[in-house]
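# Fold and contact review
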Amino acid sequence: MLNLLIISATNDNNLELSNNLQSMLKELDQEAKVISLENFDFPLFGGKTDVDDELIHDLVEDISLAKGLIFCAPEYNGGVPPVLSNAITWVTVKTSNWRDAFSGKFALIATSSGGDGKRFLTAFRSQLEHLGVNVLARTISHQQEKPLKDDSIKKILQGLIEVSR
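Summary of the structure given here.

Definitions and limits used
- Residues numbered from 1 in each chain as written.
- Predicted model: local features only at pLDDT ≥ 70, side-chain atom pairs only at ≥ 80, totals over all residues.
- Heavy atoms only, no water.
- 1 Å grid on protein atoms, 1.4 Å probe; cavity = no way out; pocket = protein on both sides within 12 Å on 5 of 7 lines; lining within 4 Å.
- Points joined across faces, edges and corners; volume = space filled by probe spheres on them.
- Helix = DSSP H or I, 4+ residues; strand = E, 2+ residues; numbered from the N terminus.
- Nonpolar A, V, L, I, M, F, W, Y, C, P; charged D, E, K, R; others polar.
- Expected span 1.5 Å × (residues − 1).
- Buried < 20%, exposed > 50% of the residue type's maximum accessible area, 1.4 Å probe, protein only.
- Arc of directions from axis to C-beta.
- Contact = heavy atoms within 4.5 Å.
- Polar contact = N/O pair within 3.5 Å; in protein donor to acceptor, adjacent residues only side chain to side chain.

A complete count under the given rule lists 1 cavity of 30 Å³ or more for this structure. Space inside the largest cavity adds up to approximately 30 Å³. Elements represented by at least two residues in the lining of the largest cavity include exactly helix 2 (53-65) and helix 3 (82-93). The dominant element in the lining of the largest cavity, judged by the number of residues it contributes, is helix 3, at 4 residues. For the lining of the largest cavity, the class distribution of residues is 9 nonpolar, no polar and no charged.

Below, the structure is given as structure tokens:
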């Protein structure tokens, strides 16, 4: 079975969105693992500190083994949340070639934000494409006043399943 990984940047609304997407994937007969970056205690990337190799190894392995990735994160200050950028930076510096864990993968970007999250979706797409990720054109944007449309979401998820095979 295809190995999909859902990465939530936070333990709140985006983790809930991640779990909902995991349930929808299960309805499509596709298993997926959900992880939350807030559960990792990565130091802020910089020249003075290093990350625990055992801790980063698990994340690098999960991303490296995944055929498809789903990222769920809120828009922070019109961009990518620091926890997500920080984790990606650690993954890139802890692989032999900085793009190894990401290059050639297919990904879907989702957000649960106070607004529509468009600035995050745009900024993060650019970051992922720079890492060699093939980002699906359709994204998922969840807002409190705009509930998810299950049929539409399942079509988007089915697209990720198909291209990731």
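Across its 13 residues, helix 2 extends 18 Å between first and last C-alpha, which sits within 8% of the 18 Å expected from 1.5 Å per residue. Residues Ile56, Leu59, Val60, Asp62 and Ile63 constitute the buried set of helix 2. On an axial view of helix 2, the arc spanned by its buried residues comes to 160 degrees, and they lie on one face. Exposed side of helix 2, more than 90 degrees from the buried face: Glu54 and Leu65 are the residues found there. Where helix 2 is buried, its residues touch strand 1 (4-8), strand 2 (32-36), strand 3 (68-72) and helix 3. Between a side-chain oxygen at the N-terminus of helix 2 and the backbone nitrogen of Glu54 the separation is 3.0 Å; the capping residue is Asp52.

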